[in-house]
Amino acid sequence: MRLLERLEQLYAIGGGPGANRLGGSPQEDEAHDLVAGWMHEAGLEVERDEAGNLYGRLRGRKPELPEVWTGSHLDSVPAGGRFDGALGVVGGLEAVERAGQQERTLTVVAFRDEEGCSGPGCVGSRALCAAWSASRPSAFVELHVEQGPRLQEAGVPLAVVTGIVATAKGEVVFEGREGHAGTTPMAGRSDALLAAAEFVLELRDAAAAVEGAVATVGRLEVEPGASNVIPARVRVSVDARAPDLERVDEVLAAVRAELSRTAEVEMAPWPTEALREQLVGLGVPVIELASGAGHDAGVLAAAGVATGMLFVRSLNGGISHSPDELSAGEDIAQAVTALQGALVRLASSVDG
Ligand code: GLV
Ligand code: MN
Ligand code: MN
């Protein structure tokens, strides 16, 4: 299948397997250039905005109407998988090409730096929404892998997403005092890493005590970072998520951390209904899932765009942010068919 070959080509960038396409890296640029070439081949009008987001437009018969968008991101986490983000762009391109010209313009977008491995994430979609004037799309539909085990457990290939969880992301810094590892008595030390270690465990306990919450420390930066020097400063990344902001705040209050927070968002009825109809048409049981992962769809939804998301079953127990991420070709083929149908439905409407 062309789509799977394209995913492999993207995965090979930077010397894959498991290679990085971190947001802002030359590898992310290379992925954008590769996809821009495929957009040209498909006869789309290719454009980039100031934030570096990439667009491929199939002009509608009524180009004055607000457009219908699909897409996702091309950056990855370190040693990420083949599908996270890339599927939504490559699958979106496939769906738009197959849909052909509609009343409204159909646009495939590849947003920059969604993952936010060392920042807030969704850099491209946030920049776009911050600069938006009147020409926002009437709808956005993002295709994505589930990144969890629920569809595999249910034995169902696709799901309609109901909403995206609330998050808090940022850094907590612990200060101590450098000293000689061999000559400073244990009693007199101020070791920043010990304080950070206690924090990491408290955060785990705080998240475990709140229904539906999760929290992760994925990065520690220890200064000066030498095996024979007592740590003087430690930066701890924090990523906390829960079904709503109240519960995220409960976790943060328990560990006394103040971080930048993003509220939960709901998907909109119009595109969600269009996706639901496609699943019914394909004879796929309609499962509705909330997303524990963040997505550009959340940023567009929060900015007021009618947004929907379609999940494809993740295999291997739902593992993601790992080279072991896996989805089946047949499930992806069904997802592209459903996405195509939903885009046609949304782009053939001339109301609004
Ligand atoms: C993106 O994958 C995120 O949810 O962190
Ligand atoms: Mn993603
Ligand atoms: Mn991701």
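I will try to describe carefully the structure that is included in this document. (Residues numbered from 1 in each chain as written. Chains lettered and ligands numbered in written order. Predicted model: local features only at pLDDT ≥ 70, side-chain atom pairs only at ≥ 80, totals over all residues. Heavy atoms only, no water.)

1. Topic: the overall build of the protein
Part 1 of the argument: A tally of regular secondary structure across the protein gives 10 helices and 14 strands.
Part 2 of the argument: A compact globule built from 352 residues should have a C-alpha radius of gyration of about 20 Å, and the protein, at 22 Å, falls within 12% of that.
Part 3 of the argument: Referenced to the eigenvectors of the C-alpha coordinate spread, the extents of the protein come out at roughly 75 × 40 × 40 Å.
Part 4 of the argument: For the protein, the proportion of contacts with a sequence separation of at least 24, taken over those separated by at least 6, is 77%.
Part 5 of the argument: Approximately 14,800 Å² of the protein is accessible, and the part contributed by carbon and sulfur atoms is 52%.
Part 6 of the argument: When the 29 positive and 51 negative side-chain charges of the protein are each reduced to one mean point, those points stand 1 Å apart. (Helix = DSSP H or I, 4+ residues; strand = E, 2+ residues; numbered from the N terminus. Rg over C-alpha atoms; globule rule 2.2 N^0.38 Å. Contact = heavy atoms within 4.5 Å. Areas by Shrake-Rupley, 256 points an atom, 1.4 Å probe, with all protein chains shown as cover. Lys, Arg positive; Asp, Glu negative; His and termini not counted. Charge placed at Lys NZ, Arg CZ, Asp CG, Glu CD.)

2. As for the environment of A166
Part 1 of the argument: Tracing the sequence through the fold places A166 in strand β7 (residues 166-175).
Part 2 of the argument: Taking relative accessible area as the criterion, A166 reaches 0% and is therefore assigned buried.
Part 3 of the argument: Separated by 99 residues in the primary sequence, A166 and V265 place their C-alpha atoms 7.5 Å from one another.
Part 4 of the argument: Setting aside its immediate chain neighbours within four residues, A166 contacts A240, R241, A242, P243, D244, L245, V248, T262, A263 and E264. (Buried < 20%, exposed > 50% of the residue type's maximum accessible area, 1.4 Å probe, protein only.)

3. Focus on the packing of aromatic side chains
Part 1 of the argument: Counted under the stated rule, the structure contains four aromatic pairs.
Part 2 of the argument: When the ring of F174 is compared with that of F199, the centres are 5.4 Å apart and the planes differ by 55°; the resulting orientation is tilted. With a gap of 25 residues between them, F174 in strand β7 and F199 in helix α6 (residues 192-208) connect regions that are remote in the sequence. Judged on exposure class, the residue F174 and its partner F199 are both buried.
Part 3 of the argument: One aromatic cluster in this structure is built from Y55, W69 and W132. (Phe/Tyr/Trp six-rings, centres within 6.5 Å; stacked < 30°, edge-to-face > 60°.)

4. Focus on the nonpolar core
Part 1 of the argument: With 71 residues, the main nonpolar core has L10, W69 and L87 as its most contacted residues.
Part 2 of the argument: Of all the elements, helix α10 (residues 329-348) adds the most residues to this core, at nine residues.
Part 3 of the argument: Residue contacts for L87: discarding those within four places in its chain leaves L3, L7, G92, L143, H144, V145, V312 and I332.
Part 4 of the argument: One finds A168, F199, V234 and L245 within the second-largest nonpolar core, a separate group that totals 24 residues. (Core = buried A, V, L, I, M, F, W, Y, C linked by side-chain atoms within 4.5 Å.)

5. Points about the coordination of the manganese ion (ligand 3)
Reference values for angles at a metal are 109.5 degrees in the four-donor tetrahedral case and 90 or 180 degrees in the six-donor octahedral case.
Part 1 of the argument: Coordination of the manganese ion (ligand 3) by the protein is provided by D84 (OD), E115 (OE), E115 (OE) and H321 (NE2), with metal-donor distances spanning 2.1 to 2.5 Å.
Part 2 of the argument: Mapping the donors of the manganese ion (ligand 3) onto the primary sequence gives the spacing D-x30-E-x205-H.
Part 3 of the argument: For the pair the manganese ion (ligand 3) and the manganese ion (ligand 2), the metal-to-metal distance amounts to 3.7 Å, and D84 bridges them. Here H321 lies in the loop between β14 (306-312) and α10 and D84 lies in the loop between β3 (68-73) and α3 (86-99), a separation of 237 residues in the sequence. (Donors = N, O, S within 2.8 Å, 3.2 Å for Na, K, Ca; no water.)

6. Here's the deal with the site of ligand 1
Part 1 of the argument: The environment of ligand 1 is formed by E114, E115, K169, R241, A293, G294 and H321.
Part 2 of the argument: One nitrogen or oxygen atom from the side chain of E115 is found 2.9 Å from an oxygen atom belonging to ligand 1.
Part 3 of the argument: Residue H321 places a side-chain N or O atom 3.1 Å away from an oxygen atom belonging to ligand 1.
Part 4 of the argument: Taken by itself ligand 1 offers 190 Å² of open surface, and the protein chains cover 93% of this.
Part 5 of the argument: Of the residues assigned to the shell around ligand 1, the class counts are one nonpolar, two polar and four charged. (Near = heavy atom within 4 Å. Polar contact = N/O pair within 3.5 Å; in protein donor to acceptor, adjacent residues only side chain to side chain. Nonpolar A, V, L, I, M, F, W, Y, C, P; charged D, E, K, R; others polar.)

7. Some remarks on the packing of helix α1 (residues 2-11) against α3
The angle between the axes and the distance between the axes are what describe a pair of packed helices.
Part 1 of the argument: Viewed as axis vectors pointing N to C, α1 and α3 meet at an angle of 145°, and their least axial separation amounts to 10 Å. For the element pair α1 and α3, the recorded crossing hand is right-handed. On α3, the residues that touch R2, L3, R6, L7 and L10 of α1 are A86, L87, V90, G91, L93, E94 and E97.
Part 2 of the argument: The residue makeup of the contact of α1 with α3, split by class, is seven nonpolar, one polar and four charged. (Axes fitted to C-alpha atoms, helices over the stretch in contact; angles between N-to-C directions. Left-handed = near helix turned anticlockwise from the far one by under 90°.)

8. Some points on α6
Part 1 of the argument: Under the 1.5 Å per step criterion, the end-to-end length of α6 is 25 Å for 17 residues, consistent within 8% with the ideal 24 Å.
Part 2 of the argument: Capping the start of α6, D191 holds a side-chain oxygen 2.8 Å from the backbone nitrogen of L193, two or three residues further along. (Expected span 1.5 Å × (residues − 1).)

9. Brief notes about the side chain of S349
Part 1 of the argument: Position of S349 among the secondary structure elements: in the segment after α10.
Part 2 of the argument: Note on S349: relative accessible area 19%, which makes it buried.
Part 3 of the argument: Look past the residues within four positions of S349 in its chain and what remains in contact with it is L65, R104 and W270.

10. Structural notes on the coordination of the manganese ion (ligand 2)
Part 1 of the argument: Every protein donor of the manganese ion (ligand 2) is accounted for by H73 (NE2), D84 (OD) and H144 (NE2), and the metal-donor separations fall at 2.0 to 2.2 Å.
Part 2 of the argument: In the primary sequence, the donor residues of the manganese ion (ligand 2) line up as H-x10-D-x59-H.
Part 3 of the argument: In this structure H73 comes out as buried when scored by relative accessible area, which is 0%.

11. Digging into the pattern of salt bridges
Part 1 of the argument: Counted by the stated rule, this structure contains 29 salt bridges.
Part 2 of the argument: In this structure, R2 and E97 form a salt bridge, with 2.8 Å as the shortest nitrogen-oxygen distance. On the criterion of sequence distance, the pair formed by R2 in helix α1 and E97 in helix α3 is long-range, its members being 95 residues apart.
Part 3 of the argument: Overall, R2 belongs to the partly exposed group, its relative accessible area being 34%.
Part 4 of the argument: Assessed through its relative accessible area of 31%, E97 is described here as partly exposed.
Part 5 of the argument: Between R204 and D205 there is a salt bridge whose closest N-O contact spans 3.2 Å.
Part 6 of the argument: What you see here is one network of salt bridges that share partners, running through E45, E47, R57, R59 and E67. (Salt bridge = Lys/Arg side-chain N within 4 Å of Asp/Glu carboxyl O.)

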